[in-house]
Amino acid sequence: MQPGSTEDEWREDCAPRRVLALFATKWTSMVLHTLHVRHQGACRTGALQRSLPGVSKKMLTQTLREMEEVGLVTRHVQSAIPPAVEYRLTPLGQRFVEPVELLYAWGRDNADALDQLGSRSSARRP
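Residues numbered from 1 in each chain as written. Predicted model: local features only at pLDDT ≥ 70, side-chain atom pairs only at ≥ 80, totals over all residues. Heavy atoms only, no water.

1. Brief notes about the nonpolar core
So, point 1. The biggest cluster of nonpolar side chains holds 19 residues, and the ones touching the most others in it are Val31, Leu35, Leu48, Leu52 and Leu60.
So, point 2. Residue assignment for this core shows that the elements contributing at least two residues are α2 (26-37), α4 (57-70), β3 (84-89) and α5 (91-109).
So, point 3. Tallying contributions element by element places α2 first for this core, with four residues.
So, point 4. Leave out the neighbours within four places in its chain, and Leu35 touches Gln40, Gly41, Ala42, Cys43, Leu48, Val73, Tyr87 and Leu89. (Core = buried A, V, L, I, M, F, W, Y, C linked by side-chain atoms within 4.5 Å. Buried < 20%, exposed > 50% of the residue type's maximum accessible area, 1.4 Å probe, protein only. Helix = DSSP H or I, 4+ residues; strand = E, 2+ residues; numbered from the N terminus. Contact = heavy atoms within 4.5 Å.)

Written as structure tokens, this is what we have:
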């Protein structure tokens, strides 16, 4: 423990752990990033899935439901036949985009460091 820190800073419900828990699902940050950067904060489900290579429809739906439950996105059903569903970043979701974008920028700027990570296949670029 660092000098001057308290036990409260390391509790299970401390802010750093809560942030990490929010992004424990790998798709949460990608959905935030994609909605923000590629779709100006709002997008229909199908277009969002096409923007996220590798995500299954089931995983995207699950991730969006979890994000809606915690208040990062809202779900809007447009009256059409068939009904069109659009997801939008909430003001809270827009606040969480900021650190995601910083982390992604760091990743782009430090791809060489990421390439030096151990043998985990998910840690390497194809």
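2. Here we look at α2
So, point 1. The terminal C-alpha atoms of α2, which comprises 12 residues, lie 17 Å apart, in line with the 16 Å expected from a rise of 1.5 Å per residue.
So, point 2. Burial in α2 covers these residues: Trp27, Thr28, Ser29, Val31, Leu32, His33, Thr34 and Leu35. (Expected span 1.5 Å × (residues − 1).)

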